[in-house]
Amino acid sequence: MIEPTPNHLPTPGDAGALARLRGMLEAARAVRAGGDLQPLLEAIARAISVSLGFATVAINLHRPAWDDFEVAVVHGSEAARRVLLGTTRSWDGWQTLLDPRFEHSGCFLVPHDEFEWDADGLVSYVPPENAPSAPEDWHPEDALFVPLRSSTGRLLGVASVDEPIDGRRPSDAQLEVLSAVCGYAALAVEHAQAAAEADRDRAAVQHLLRVSARLTGRRTVQEMLAAVCGGIREALGFQRVIVALTEGPDHRLMIRSSVGWSRDELAALPDVPLSSISRLLRPEHQREGCVLLAREEADLLTPPELHDVHRGQHNGRGPLAWRNHWLIVPLHDRDGAFTGIVWVDEPEDCLVPTIEGLQALRAFANQAISAVESTRQLEHLRHLAVHDPVTGLRNRRDLEPRIEDDIAASDAVSVLVCELDDFRRVTEELGEETGDDVLRRVAGVMRRSTRGSDVPTRLDGPEFAMVLRDTDRIAALAVAERVRAAVREEFTDLPLPVSVTIGLAATGTNLDTASEVLRAAHRALAAAKRLGPDRAVPYDPGATGLLDGLGNGEGDAGAGAGAGEQLAAAMLLAETLDLRDPGTARHAHTVGQLAEQTGRHLGWEAGRIERLHAAGVLHDIGKLGIPDAILQKPGALDADEWGEIRRHPEIGARILEHANLRDIADWVRAHHERVDGRGYPAGLAGTQIPAEARVLAVADAYEAMTADRPYRRSLGAQAAEAELRRAAGTQFDAAVVEALLAAIADGDDGVPSPI
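For the structure given in this document, a descriptive report is provided here. For clarity, every value in this text was computed on a predicted model and none was experimentally measured.

A word on the nonpolar core. Residues Leu656, Ile664, Val698, Tyr702, Leu724, Phe732 and Leu740 are the most contacted members of the largest nonpolar core, which totals 43 residues. Sorting the residues of this core by element identifies α18 (587-601), α19 (606-618), α22 (648-658), α23 (662-669), α24 (691-706), α25 (717-727) and α26 (734-746) as the ones contributing at least two each. When residues of this core are assigned to their parent elements, the largest contribution, 8 residues, is made by α24. If sequence neighbours within four positions are ignored, Leu740 has contacts with Leu594, Thr598, Val698, Ala699, Tyr702 and Leu724.

What follows is the structure, encoded as structure tokens:
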């Protein structure tokens, strides 16, 4: 307990006492610089007690957030502190005490017999009984209050003094001195509060500068917005902060960063299209660029689903208190377009922000939009570096590294290289704008044809690529066929047909690196284009190896210098047939091997044998023109369907003639002729049938009998041999039958072993 020094109240003429009081209060105010308000209040209470002779002095400080007065300091007895410290009194409660009828010289002296303390329900401290003996003596239930007002007249608090040392009620002159002293005290409190506010403003500016500095090190919009949200909470004291940016055609607000919100709380927030808060954001509702509205006002401007969107805990009472207000800062880009909001809630001090606070919040919001714009611009530049500006697809810049990554992470990777057929005609006849639209629509087809892990890419001009993870050649060919069909379907509205030709390659076919797979897919595309538009052709390493000994069209005088490449293209197309029908997989390759070994046993020279091998691979290429429903029909074919099947030698011959492979085309056209003249399509007999075609007929039949099919098991080698010998001289050339059976019996390399 601090005992007051015995003293008497100074009179107005006591200049020394007033000087000492002014000095003490100035010193107390100076001590406040950079410190806490509490020591200043304690110094004021002590100065009033010691210099003016009151045993008990309490300072009631106004709390704007609650619109009440809290006893912040009690100087005097321990009993007084226990009763008063921390208690509050409402503004209405003080108004009954600060009644003009009690005012004397700026102080309010409330005699004990003119106020009923118990009836008002107020907490008060009554000193020990000391009954007065004269009217001017101090009564224990007398009260003396002095308002502490700012330089503008705002009520900062109330000084309550009690227990005068001389035991007497103060005179008017003494009350004037007390009022003057409290006037100095009020100025000291005002100065301290202003200094504290300045400290908060400086802290906000420093936080803003730190956030600005941190933003330069952030690489993404998300990182930058997180720094802004954290800065608002640290500098301005809002416990909950959200930054939401507009996305989509309806400008729906999507939360991009937040602090103070749990994941579940964020998930529970409703979707907010811009239209639902557009009335809220009108200029007439803004102050300092911020929308600050009472909850009731905001409810009138928003749809019902937003009325209870969030009700926080940091709320107060009174005209300056935060009571579930809405505080939103609109964000606009440099062109003035609305791009999002900063939404803050639950201020730590439970107060509606001041003008300076709103200005600081607006500054942080400006940082947010600057961060978004600068980062988006950087992201756009990065995007343009690796994306095609017309279609939005990835460009070829990092295609090979991406394929390498996929190869490292996948069991099989396939690459499709696609080129629009005769795209120049589209641009010449329909215009460049339509051409760009076609490219964009093709890109859309490719996006829809892939999975999330697959990456469509635009290469050059009308050329695209698709990288398919965990996809082998068969599955990739299925994707290619879907893309071809989807492209045709997409452009039925154009006056010109739009189609796509596709070459594809996959790892696991002697292709181990990205460059090898990509190069192989381009070779397959080149082969497909030579055979005509609207095709999908897989790369076949076996076809490439076969070409090594073929030269430039040996055995075909009209082939010309490019026949080897044309043959490669045709063989890749034949590979497509095997992949289309898994039930006959490797049929063409096996026929090619059997034909080669038969030619060797017939004593043919090497060049002729190599070309015969190629013909064996290509003998069924015409089935590419037969519908899958017929080729893969599980039951017996009807007459019309057999008629379609019988067209395949002619279709194959036309394909090969188009590829400038006329000799092989003749052999393929005749490989279903019979030596007795009962074959098709021309009914040739005996030596009218080219020798190579007679070899193909025997090899084709033997492979068909000895291979498993979905609808039947293999007949076995012995049954197949017996059937060939039975048909020798009628269906088959007898010498060719013996040569093939001899090759099988000798176990020549590449010929399947007997079953």
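Applying the stated rule across the entire model yields 39 salt bridges. For Glu657, the salt bridge identified is with Arg669, shortest N-O distance 2.8 Å. Highlighted residues: Glu657 in helix α22 and Arg669 in helix α23, separated in sequence by 12 residues. We classify Arg669 as partly exposed; its relative accessible area is 21%.

Quick look at the sheet that holds strand β12 (residues 290-293) now. Reading across the sheet, the 7 strands line up as β10-β9-β8-β14-β13-β12-β11 and stay open at both edges, with antiparallel pairing between neighbours. Edge positions in the sheet fall to β10 (272-273) and β11 (286-287), since each of these pairs with one other strand and no more. Across 2 bridges, strand β9 (residues 252-259) lies against β10 in antiparallel orientation. Along β10, the bridge assignment pairs Arg252 with Pro273.

What follows covers the side chain of Asp137. Structurally, the position occupied by Asp137 is in the loop between α5 (117-120) and β6 (143-149). Reaching out from Asp137, the side chain makes a polar contact with the backbone nitrogen of Ala134 at a distance of 2.9 Å.

Another point: helix α15 (residues 514-530). For α15, which comprises 17 residues, the first-to-last C-alpha distance of 25 Å matches the rise-based estimate of 24 Å (1.5 Å per residue) to within 8%. Trailing α15 by a residue or two, Gly532 shows a phi angle of about 115°, which is positive.

Another aspect to go through is unusual backbone geometry. Backbone torsion omega between Tyr680 and Pro681 reads 15°, so that peptide bond is classified as cis. Within the fold, Pro681 resides in the loop between α23 and α24. For Asp470, which is not glycine, the phi dihedral falls at a positive 50°. Position of Asp470 relative to the elements: it lies in the loop between β17 (463-469) and α14 (473-490). We note that Asp534 has phi near 60°; this positive angle belongs to a residue other than glycine. Secondary-structure assignment places Asp534 in the loop between α15 and β19 (536-538).

With 7 of 7 residues buried, strand β18 (residues 500-506) lies mostly within the body of the structure. Side chains of β18 alternate between two faces, with Val500, Ile502, Leu504 and Ala506 and Thr501, Gly503 and Ala505 buried alike. Pairing of β18 with β19 involves 3 bridges; the strand directions are parallel. Its bridge partner lying in β19, Gly503 is registered against Val537.

What counts and what doesn't
- Residues numbered from 1 in each chain as written.
- Predicted model: local features only at pLDDT ≥ 70, side-chain atom pairs only at ≥ 80, totals over all residues.
- Heavy atoms only, no water.
- Core = buried A, V, L, I, M, F, W, Y, C linked by side-chain atoms within 4.5 Å.
- Buried < 20%, exposed > 50% of the residue type's maximum accessible area, 1.4 Å probe, protein only.
- Helix = DSSP H or I, 4+ residues; strand = E, 2+ residues; numbered from the N terminus.
- Contact = heavy atoms within 4.5 Å.
- Salt bridge = Lys/Arg side-chain N within 4 Å of Asp/Glu carboxyl O.
- Pairing = 2+ DSSP bridges.
- Polar contact = N/O pair within 3.5 Å; in protein donor to acceptor, adjacent residues only side chain to side chain.
- Expected span 1.5 Å × (residues − 1).

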